[in-house]
Amino acid sequence: MKNPHLRLLSIAISGALLLNLPGCGGSEDTDTASESAADTATDTDTDTDTDTDTDTDTDSGTEDLGSGILHTAYYEFDQDNVNVVLSGTKVIIETNGLPNHTSPYWSASHELHVEPTVTSYAKMAPGYIDDFVGTYTLTVNNSPSKAGTTSATGLGAIGIAVSGAVIYNDEEGPGIPLDDAATSLDFNGAHTGPQSYHYHLEPISFSDDDSNLVGVIADGFFLYGRKCNSTGTYPTDLDESGGHTSITQFAQDAEYHYHIQNELYLGSYYILFPGNYQGSASAIR
Ligand SMILES: [Zn+2]
Ligand SMILES: [Zn+2]
């Protein structure tokens, strides 16, 4: 396990640098020391080796980033693939769309490439994970609340997973049910095409019949595995979106969140998020 404090510090520093961009006064070099718009003069040099307890009032940790503290669940996201920034009451999640785990969908020369198991080369979708060059960005509330009405998810990315890759719903395309493409899914319930690598089913590389954090859905609510940390077992009070309100391993105060529903799909899989959104979803671009 990585040191969680270092992970936290890394996110805070990258956030501070990004947040300082508008106030840099013409300098485009984000490595130079600059003043935070929200604070007194701060040292944004990336001296991660110094004692982090010396500047507890203004410029270390997450306290000085905007008006609140970043939800601790965001520290679970992959540090290399995903950048998370708290800006006021909003959280900006940007990912390169690449998963931090093995898959047969990596090109053969990639170090994370493995042979297909539940699918086969003949059945796999066209395209490699590493063909994708781009980013996905989602902006959500740091403390989202349920909307008055639910709304349907659409095709394309509906969430960002902790691995760095994106989450899709239970449809493969316009009028194409997931069943028609299920044989192309790898052991993480994911495949490529027509855009980047994406999950439809429980991604067992990082959530396998447990209460692990899976990712954040486009309405800002977190998606967890089939079990809930509050009880250690399958929740029995889920709404039609797989959501309920309870404490989690990242929230000591009860908050609304989704779970992968413990309902078998095609005999041995679990659909990640059949929807609907219970909050107000933002576009993932
Ligand atoms: Zn798909
Ligand atoms: Zn729960």
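Quick caveat: nothing in here was measured; it's all calculated off a predicted structure.

Basis of the calculations
- Residues numbered from 1 in each chain as written.
- Chains lettered and ligands numbered in written order.
- Predicted model: local features only at pLDDT ≥ 70, side-chain atom pairs only at ≥ 80, totals over all residues.
- Heavy atoms only, no water.
- Salt bridge = Lys/Arg side-chain N within 4 Å of Asp/Glu carboxyl O.
- Helix = DSSP H or I, 4+ residues; strand = E, 2+ residues; numbered from the N terminus.
- Buried < 20%, exposed > 50% of the residue type's maximum accessible area, 1.4 Å probe, protein only.
- pLDDT = per-residue confidence, 0-100.
- Contact = heavy atoms within 4.5 Å.
- Pairing = 2+ DSSP bridges.
- Donors = N, O, S within 2.8 Å, 3.2 Å for Na, K, Ca; no water.
- Tetrahedral: all angles 85-135°; square planar, octahedral: opposite > 155°, others 65-115°.

Below, the discussion takes up the pattern of salt bridges. Under the definition given, this model contains 2 salt bridges. Among the ionic pairs, Arg 226 bridges to Asp 209, the shortest N-O distance being 3.5 Å. Pair noted here: Arg 226 is in the loop between β11 (222-224) and β12 (243-248) and Asp 209 is in the loop between β9 (198-199) and β10 (213-217), with a separation of 17 residues, a long-range link. Residue class for Arg 226 comes out buried when judged on its relative accessible area of 6%. On the basis of relative accessibility, which here comes to 26%, the residue Asp 209 falls in the partly exposed class. A network of salt bridges, in which partner residues are shared, links Glu 202, Asp 209 and Arg 226.

Our focus in this paragraph is the confidence of the model for the protein chain. Across the protein chain, the average pLDDT comes to 83, with 76% of residues at 70 or higher. Scored below 50 in pLDDT, residues 1-66 shows 67 contacts in the model against residues more than four places distant or in partner chains.

Moving on to the sheet that holds strand β4 (residues 159-161). Pairing between sheet strands relies on hydrogen bonds along the backbone, with the strands arranged either parallel or antiparallel. Taken in spatial order, the 8 strands make up an open sheet running β8-β9-β5-β4-β10-β11-β13-β12, and their pairing is mixed. Both outer strands of the open sheet, β8 (190-191) and β12, are each paired with one neighbouring strand and no more. By the bridge criterion, 2 bridges tie β11 to strand β13 (residues 251-259) in an arrangement that is parallel. Across the sheet, residue Leu 223 finds its bridge partner in β13, namely Tyr 258.

What follows concerns the coordination of the zinc ion (ligand 1). In this structure, Glu 172 (OE), His 191 (NE2), His 198 (NE2) and His 200 (NE2) serve as the protein donors to the zinc ion (ligand 1), at separations of 2.0 to 2.3 Å. If you look at the zinc ion (ligand 1), its 4 donor atoms make angles of 88 to 162° with each other, and the shape they trace is irregular. For the zinc ion (ligand 1), the donor residues sit on a single chain with the sequence spacing E-x18-H-x6-H-x1-H. Of this pair, Glu 172 sits in strand β6 (residues 171-173) while His 191 sits in strand β8, and the two are 19 residues apart along the sequence. An identical accessibility class is assigned to Glu 172 and His 191; each is buried.

Looking at the zinc ion (ligand 2), one finds its protein donor set to be Cys 228 (SG), His 244 (NE2), His 257 (NE2) and His 259 (NE2), positioned 2.0 to 2.2 Å from the metal centre. Coordination at the zinc ion (ligand 2) is tetrahedral, judged from the 4 donor atoms that bind it and the angles of 99 to 124° they form at the metal.

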